[in-house]
Amino acid sequence: MMEMRIRALQWPQDREAVLSFQREIYETNFAGFVLTPEFLREYSSLLRRAVGDRHEGLFVLDDGETVRGFLWVAITSTLVDPWCGYIKNIYVAPTHRRQGWGRRLLERAEGWLSERGVSCVELDCTVGNEAALALYESAGYSTCRYRMSKRCDAKGR
Ligand SMILES: CC(C)(COP(=O)(O)OP(=O)(O)OC[C@H]1O[C@@H](n2cnc3c(N)ncnc32)[C@H](O)[C@@H]1OP(=O)(O)O)[C@@H](O)C(=O)NCCC(=O)NCCS
């Protein structure tokens, strides 16, 4: 039996697998959003730029044959905190959920950040994403800010 492991993302070998996860991630977390080829091109170019950037950590969950998950963590800088961790993307393939891989990916992100002197990690989570919320809460995350939204009349662009 092949051994599952979390390893650094390899470019370009892992590109297609990681892109294939984005439809579910974006279409379930952003109501009404429809993923387009342009979106995937832009995402791919962001990924490409992040590979090799010391502020970005890119990992995949690999079963020895197929990529089954993805993690993107970064060190960000804001006026409030110039050295802060941020989980940009975390994904486990449906066939491999509820086996602890999401938690292990999260731990990998936290380990990667702590090795770089980061003492705080933040992430955004969609209100209705019960699996992700439960994962984060079970790993010790708590809500520190709300992002609120409202539809408004777009009269021009
Ligand atoms: C969120 C996600 C990464 C969780 O991955 P996972 O590998 O299934 O998570 P784990 O098996 O490590 O679960 C750890 C804990 O999280 C909670 N949890 C995970 N999925 C859950 C679910 N569907 N319902 C309730 N609790 C859940 C449980 O407390 C679980 O511990 P337990 O299994 O011992 O009860 C996965 O569902 C996913 O990839 N979703 C689609 C992508 C996405 O929305 N990403 C998050 C963007 S913010």
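Here we summarise the structure given alongside this text. Numbering of residues begins from 1 in every chain and follows the order in which that chain's sequence is written. Local features in this predicted model are restricted to residues of pLDDT 70 or higher, and side-chain atom pairs are both shown and tallied only at a pLDDT of 80 or more, whereas totals for entire chains, interfaces and linings draw on every residue. Calculated side-chain values reflect all of the structure's heavy atoms, with hydrogen atoms and water omitted.

1. Quick look at the nonpolar core
Part 1 of the reasoning: The nonpolar core is taken to be a set of buried Ala, Val, Leu, Ile, Met, Phe, Trp, Tyr and Cys residues, with the residues joined through side-chain atoms within 4.5 Å. For each residue, the accessible area found with a 1.4 Å probe, counting protein chains only, is set against the maximum for its type, and the residue is called buried under 20%, exposed over 50%, and partly exposed in between. The biggest cluster of nonpolar side chains holds 22 residues, and the ones touching the most others in it are L71, V73, I87, I90, L106 and Y136.
Part 2 of the reasoning: Of all the secondary structure elements, the ones that give two or more residues to this core are β2 (56–62), β3 (67–76), β4 (84–92), α3 (101–115) and α4 (130–138).
Part 3 of the reasoning: Helix and strand assignments come from DSSP, with helices taken as H or I runs of at least 4 residues and strands as E runs of at least 2, each series counted from the N terminus. With six residues, the top contributor of residues to this core is α3.
Part 4 of the reasoning: In this view, Y136 contacts I90, L106, L123, C125 and Y141; residues no more than four positions away in its chain are not counted.
Part 5 of the reasoning: Counting 18 residues, the second-largest nonpolar core is a separate cluster that includes V18, L58, V60 and Y91. Whether two residues are in contact is decided by their heavy atoms: any pair within 4.5 Å suffices.

2. Thoughts on the sheet that holds strand β5 (residues 121–123)
Part 1 of the reasoning: Spatially, the five strands line up as an open sheet ordered β1-β2-β3-β4-β5, and their pairing is mixed. Lying at the two open borders of the sheet, with one neighbouring strand each, are β1 (5–8) and β5. Geometrically, the sheet is characterised by an average inter-axis angle of 30° between neighbouring strands, direction not taken into account.
Part 2 of the reasoning: Two strands pair when backbone bridges link them, and β4 and β5 are joined in this way by three bridges, in the parallel orientation. Of the residues in β5, the one forming a bridge with I87 is L123.
Part 3 of the reasoning: Only the stretch in contact is used when fitting a helix axis, every axis being a line fitted to C-alpha atoms; angles between N-to-C directions are given from 0 to 180 degrees. Sheet strands touched by helix α1 (residues 15–29): β2, β3 and β4. Its angle to β3, the strand with the most contacts, is close to 80°. We treat two strands as partners when DSSP finds at least two bridges between them.

3. Looking at the site of the ligand
Part 1 of the reasoning: Residues are labelled near a given molecule or strand when at least one of their non-hydrogen atoms is within 4 Å of it. Surveying the vicinity of the ligand reveals 21 residues, the closest of which are V92, G100, G102, R103 and N129.
Part 2 of the reasoning: Here a polar contact is taken to be a pair of N or O atoms separated by no more than 3.5 Å, where protein atoms must pair a possible hydrogen donor with a possible acceptor and residues adjacent in sequence count only if both atoms sit in side chains. Within the side chain of N29, a nitrogen or oxygen atom sits 3.2 Å from an oxygen atom of the ligand.
Part 3 of the reasoning: At a separation of 3.2 Å, an oxygen atom of the ligand approaches a polar backbone atom of Q99.
Part 4 of the reasoning: Counting only elements with at least two residues in the shell around the ligand, the list comes to α1, β4, α3 and α4.
Part 5 of the reasoning: A total of six residues in the shell around the ligand trace back to one element, the largest contributor, which is α4.

4. Looking at the pairing of β3
Part 1 of the reasoning: The element β3 is largely enclosed, with a buried count of eight among its 10 residues.
Part 2 of the reasoning: Where β2 folds back onto β3 in an antiparallel hairpin, the turn is made up of four residues, including G64, whose phi is positive at roughly 105°.
Part 3 of the reasoning: Pairing of β3 with β4 involves eight bridges; the strand directions are antiparallel. Paired with I75 across the strands is G85, a residue of β4.

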